[in-house]
Amino acid sequence: EQKLPEVKREWVKPDFRD
Amino acid sequence: MTSVVALDAVPHIRRGVKCTYDQIRESHVVLFPEGVLVLNETAASVVALCDGVRSVGEIALSLGDVYAGVEPEDIAGLVARLVERRVVDVDG
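Residues numbered from 1 in each chain as written. Chains lettered and ligands numbered in written order. Predicted model: local features only at pLDDT ≥ 70, side-chain atom pairs only at ≥ 80, totals over all residues. Heavy atoms only, no water.

Looking now at the packing of aromatic side chains. Throughout the structure, instances matching the rule amount to 1 aromatic pair over all chains. With centroids separated by 5.6 Å and ring planes inclined at 75 degrees, the aromatic side chains of Trp-11 of chain A and Tyr-67 of chain B adopt a geometry described as edge-to-face. Here Tyr-67 of chain B lies in strand 5 (residues 67–68) and Trp-11 of chain A lies in the loop between strand 1 (9–10) and strand 2 (16–17), a pairing that spans two chains. The residues Trp-11 of chain A and Tyr-67 of chain B share a single accessibility class, namely buried. Above the plane of the ring of Phe-16 of chain A lies Arg-81 of chain B, whose end atom (NZ or CZ) is 4.1 Å from the centre. (Phe/Tyr/Trp six-rings, centres within 6.5 Å; stacked < 30°, edge-to-face > 60°. Helix = DSSP H or I, 4+ residues; strand = E, 2+ residues; numbered from the N terminus. Buried < 20%, exposed > 50% of the residue type's maximum accessible area, 1.4 Å probe, protein only. Lys NZ or Arg CZ within 6 Å of the ring centre and 35° of its normal.)

Right under this line is the structure:
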């Protein structure tokens, strides 16, 4: 069984518009 | 001035606050009596884990399964801003 390497998403600083 | 939230603080969404996905604008939003916040993707992921059980540090660990390079301080900073907006409360 070959597991594909997990592709993680790039962390972007969490933010919001108010 | 933004207050500081510790990594062992346990955030939860306040009553009367609704987190939803705006299909029209294709963005995550938080609706609360005083206004609307439009979240970016990572902020939405953090808010989804503010369940009153997990601490800020545990939220960072959980998000580490999905994102590379999670910064717990970023999460603490976001939670502090959400506390200021009276969207989130913290215990501890």
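Of the residues lining the interface, 24 residues belong to chain B; the matching set on chain A comes to 12 residues. For the pairing of chain B and chain A, the buried interface totals around 1,700 Å² over both sides, and the portion due to carbon and sulfur atoms is 53%. Contact with chain A buries surface across chain B, with Val-38, Ala-68 and Asp-74 of chain B losing the most and accounting together for 27% of the total. Applying the counting rule to chain B against chain A returns 3 salt bridges. Its salt-bridge partner being Arg-81 of chain B, residue Asp-15 of chain A comes within 2.8 Å of it at the nearest N-O pair. (Contact = heavy atoms within 4.5 Å. Buried area = accessible area lost by both parts, 1.4 Å probe. Salt bridge = Lys/Arg side-chain N within 4 Å of Asp/Glu carboxyl O.)

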